[in-house]
Amino acid sequence: MSGSLLQDPIPRLIHQTWKTRDVPPEFQALQRSWIGCNPGFTYRFWTDDDIGRFVAEEHPALLPVFRGYAGPIARIDLARYLILRRFGGVYADLDFECLRPIDGLLEGRSFVVGREPEEHSRLAKAVERGLPHILCPSFLASVPDHPFWDHLLDRLVEARHCPDVLDATGPFLLTRAHAAYAGEGPAAVTVLAPELLYPVTKDDCWSRRLFDPIFWERATREAYAVHYWEGTWFRGAAERGAGPAAELPRQIAAVVTDGRPEGGRPEGDRPTVAHSPVAGTEAAPLISCLMVTRGRSGLLRFAIEGFERQTYPNRELVIVCDSPALPQDDPLERAIRDAACPNIRLVRVSAAHRSGAQPASLTLGELRNIAVDQAAGRYVCQWDDDDLYDPCRLEMQQRVLARADAQACLLGRWMIWWPAEERLAVSSERDWEGSLLCEKAAMPRYPALRRGEDTAVVEQLYRSVRVVRMDLPRLYTYVVHGGNTFTAPHFDVHWRGASARFSGDRCRAVLEEMGKRLPVEPYRRTVPVPAAVAARQGKVLVLTPVKDAVPHLPRYLELLGRLAHDPSRLSLGFLEGDSGDGTYDWLSDRLPELRQRCRRVTLLRHDCGFRPEGPRWAPEIQRRRRELLARSRNRLLSGALEDEDWVLWLDADLVEYPPDLLARLLAAGRDIVVPHCVLPDGRTFDLNSFQLAGKESGGEDPRHLVDGIFQPPRGAGRLYLDAFAGEGIVPLDGVGGTALLVRADLHREGLCFPPYSHRGYIETEGLAMMAKDMGVTAWGLPDLRIVHADH
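Residues numbered from 1 in each chain as written. Predicted model: local features only at pLDDT ≥ 70, side-chain atom pairs only at ≥ 80, totals over all residues. Heavy atoms only, no water.

This model, assessed by the stated rule, comprises 63 salt bridges. A salt bridge links Asp-50 to Arg-21, with the shortest nitrogen-to-oxygen separation between them at 3.2 Å. Taken as a pair, Asp-50 in helix α3 (residues 48-58) and Arg-21 in the loop between β1 (13-18) and α2 (25-37) lie far apart in primary sequence, 29 residues in all. Taking relative accessible area as the criterion, Asp-50 reaches 17% and is therefore assigned buried. Relative accessible area serves as the criterion here: at 54%, Arg-21 is assigned to the exposed category. The partner of Arg-555 in a salt bridge is Glu-558, with the nearest N and O atoms 3.1 Å apart. With Arg-555 and Glu-558 both in helix α25 (residues 553-562), this residue pair falls 3 residues apart, about one helical turn. The class of Glu-558 is partly exposed, set by a relative accessible area of 35%. (Salt bridge = Lys/Arg side-chain N within 4 Å of Asp/Glu carboxyl O. Helix = DSSP H or I, 4+ residues; strand = E, 2+ residues; numbered from the N terminus. Buried < 20%, exposed > 50% of the residue type's maximum accessible area, 1.4 Å probe, protein only.)

With that settled, consider the environment of Tyr-720. Tracing the backbone through its elements, the reader meets Tyr-720 in strand β32 (residues 718-720). For Tyr-720, a relative accessible area of 7% puts it in the buried group. The contacts of Tyr-720, once residues within four sequence positions are left out, are Thr-684, Leu-687, Ser-689, Phe-690, Pro-713, Arg-714 and Gly-715. A polar side-chain atom of Tyr-720 sits 3.1 Å from the main-chain amide nitrogen of Gly-715. (Contact = heavy atoms within 4.5 Å. Polar contact = N/O pair within 3.5 Å; in protein donor to acceptor, adjacent residues only side chain to side chain.)

Moving on to the packing of helix α15 (residues 300-308) against helix α16 (residues 331-339). Orientation of α15 relative to α16, taken along the N-to-C sense of each, is 25 degrees, at an axis distance of 10 Å. Taken together, the axes of α15 and α16 lie roughly parallel to each other. At the point where α15 passes α16, the crossing takes the right-handed sense. For the pair α15 and α16, contact is made by Leu-300, Arg-301, Ile-304 and Glu-308 and by Leu-332, Ala-335, Ile-336 and Ala-339, respectively. (Axes fitted to C-alpha atoms, helices over the stretch in contact; angles between N-to-C directions. Parallel < 35°, antiparallel > 145°, perpendicular 65-115°, else oblique. Left-handed = near helix turned anticlockwise from the far one by under 90°.)

A few words now on the confidence of the model for the protein chain. When pLDDT is averaged along the protein chain, the result is 89; 90% of the residues meet or exceed 70. Every residue in residues 264-268 is under pLDDT 50, and counting partners more than four places away or in other chains gives 12 contacts. (pLDDT = per-residue confidence, 0-100.)

For the rest of this paragraph, the subject is the pairing of strand β19 (residues 432-439). With 8 of its 8 residues buried, β19 lies for the most part within the structure. In terms of strand pairing, strand β14 (residues 379-382) meets β19 through 3 bridges, oriented antiparallel. Among the inter-strand pairings, Cys-381 is bridged to a residue of β19, identified as Leu-437. (Pairing = 2+ DSSP bridges.)

This part is about the nonpolar core. Judged by nonpolar contacts, the single largest core of 58 residues is most densely connected at Trp-34, Leu-105, Phe-139 and Leu-424. The element contributing the most residues to this core is helix α22 (residues 504-514), with 5 residues. What Trp-34 contacts, discounting residues up to four positions off in sequence, is Ile-14, Gln-16, Ala-92, Phe-96, Glu-97, Cys-98, Ile-102, Phe-139 and Ala-225. If you look at the next biggest cluster of nonpolar residues, it comprises 52 residues, including Leu-317, Ile-344, Tyr-389 and Leu-475. (Core = buried A, V, L, I, M, F, W, Y, C linked by side-chain atoms within 4.5 Å.)

The next subject is the packing of aromatic side chains. For the coordinates displayed, the defined rule picks out 28 aromatic pairs. Clustering of aromatic rings is evident, with ring pairs tying together Phe-307, Trp-383, Tyr-389, Trp-414, Trp-432, Tyr-476, Tyr-478 and Phe-491. The side chain of Arg-100 reaches across the aromatic face of Tyr-224, ending 4.0 Å from its centre. One cation-aromatic arrangement involves Arg-590 over Trp-586; the distance from NZ or CZ to the ring centre is 3.6 Å. (Phe/Tyr/Trp six-rings, centres within 6.5 Å; stacked < 30°, edge-to-face > 60°. Lys NZ or Arg CZ within 6 Å of the ring centre and 35° of its normal.)

Positionally, Thr-363 belongs in the loop between α17 (351-354) and α18 (364-374). The class of Thr-363 is buried, set by a relative accessible area of 9%. With sequence-adjacent residues up to four places away left out, Thr-363 is seen in contact with Ala-448, Leu-449 and Arg-450.

So, on to the sheet that holds strand β18 (residues 423-426). The strand order across the open sheet built from 5 strands is β15-β21-β17-β18-β22, with neighbouring strands paired in mixed fashion. The open sheet has two free edges, formed respectively by β15 (388-389) and β22 (500-503), since each of these has just one partner strand. The sheet contact formed by strand β17 (residues 415-418) and β18 spans 4 bridges and is antiparallel. Residue Trp-417 lies in a different strand from β18, and its bridge partner there is Leu-424. Lying over the sheet, helix α21 (residues 488-496) contacts β17, β18, β21 (476-479) and β22, oriented at roughly 60 degrees with respect to β18.

The residue Leu-472 is located in the loop between β20 (466-470) and β21 in this model. Take Leu-472: its relative accessible area is 6%, and that puts it in the buried class. Distance in space between the C-alpha atoms of Leu-472 and Thr-485 is 24 Å, their sequence separation being 13 residues. Leave out the neighbours within four places in its chain, and Leu-472 touches Phe-211, Leu-248, Pro-249, Ile-252, Met-396, Leu-411 and Arg-413.

The following block contains the structure:
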């Protein structure tokens, strides 16, 4: 292989394989994760037939080896090596989940492989072979024709008769081949630490330990991807279960307390309850889930859907509503109809239920008593109307209750989520009364209290029956949305005392993991923004010029949907021009949906006839390119701006930014402000946001003027935002437009993007200089990072 090819980057191409094009459902979300996290990559899927043809056409000399393997996994091992040798790019097994863009793993490297967890080198087969560590072929990346491939293939042919596939084609062969490889410099093989690709062990996956949110968060902090060790080639479907990380733990810790006068197990006995499949309806006693509601909240549909999705078969939902039905389109009745679930009963509280009470509404305790009286089940379960429930909540609580021979079951920890504040916690350990599942015959009456009514019930149960408290916090997510029975200081106490607290990026990561089983994102969009927060937010117009943007727009809209800003105060504007991929039609097709989500949406079109060949950053085209971009921005601004307070200019090809991006830009309290835009590997991308380093000596070097605008080499006389890490906020002389927030009145007063040289600057840099002439300084937030696609 020539040295020049080794200097080329690893192709942005992802390869995956399966027997046929019918990928099993349990792997489809994992497959999508590679496409979703890496929008600039091409994706190529290979079936067994594709592989057979490829080997026959490209490597006929290896056909006897390929066809001679007894098991299909050996043929797939060989195929992945040959595919990467020929095409380069990235190979990932289907039981691998991508967590974030992988550009940072590939940058500056010609061959990448990951090391398995250290625990795997202590397994019997590795110890027998004297392997101090194991390299795993489940993720591989390389340039085409890397010299390691020929080195590996020579050893693979020598080992073709080894009886164990691990030695013949798999990890042990790969590990030995690397140990004997002498390539250096551009021909070197980069071995990544387990934390980056293999942060969890086989046992962690097979025991379902990943369902523990604290363990999952700690394990994945540094990870770009997670391998779930499904082992489809040697583990049967029954052993593997429903798919990667889809099932609950096989064992659950629980504490039993027996309050019956005759006694039983001593208080504090801690059995371990094994998880086994749920029984059929004939063996499962009826559980009545009891929901008390005023019937107006937009959140109750999630509680109803959570009941509908339960895996426990024999259940009913009794909804007690203390409000009369609206004459038209009652939200509660609509949610029940939409659920189309026959085992839901609605009970409207009537005068008969009030038993002489005053016309004023009943207390929460009295309403819960009505719900218990209406229950037909042997067991009753509290089912609040504004929280989220794992599909296995009933199944797991009932199973633990039965195995512990108890009459009541509670969760010892649950999740607490503050959607508006981007905070998530695993609670402290205590009896969470809202999670109660209990035999109806054992239930005490609720006291007539408006809040705290369930505490007295649980205390009485501990004095009278056998109670089991189980530890599986993800079964129940309590949501703090501002309309709860208790106020914010109450929940602040729970935040401070939590077992684990997640905020910012880690909150988003854990919520994304929980979102595999819960409607996290739809719920977050439904939570009303508190009035005080909405008043501070103002009306914002997001403007995005687009060209050939179809590959990026799904991620663009996904990130936009996560913005922590009241959708009724958020407007969108697009201007499409010179696209060859149908960008305008793609956006036009989605206008109805976008107009439902946002205050208003504007879609404009204007072609400039500019489609240069070669890289867009070439100095000789910068003047023309940025002139046209400035004109497009100004045209979009004049066609879309109405009564908004702020304009957020947002690139279409951002791949990651925090939901609080807009909130943090607004909180900076500046008229013009930008975040720090970086590439996936962490290097600064936005070189238009800068502070001049030599202002005392006259500013820019005139030798760097090209076509009337300054185009210095990177770093020549300019300090970018990476130079100010930890400084909070810094003044800037130039700004970029990847995520540029501008007070709308400045635009109304004439601030635009100059399509000409304004003191040697154009477009967004020219805007910053024009603002300076108006007496307004632009600012940057070095520690607020957003990620731009690397292309």
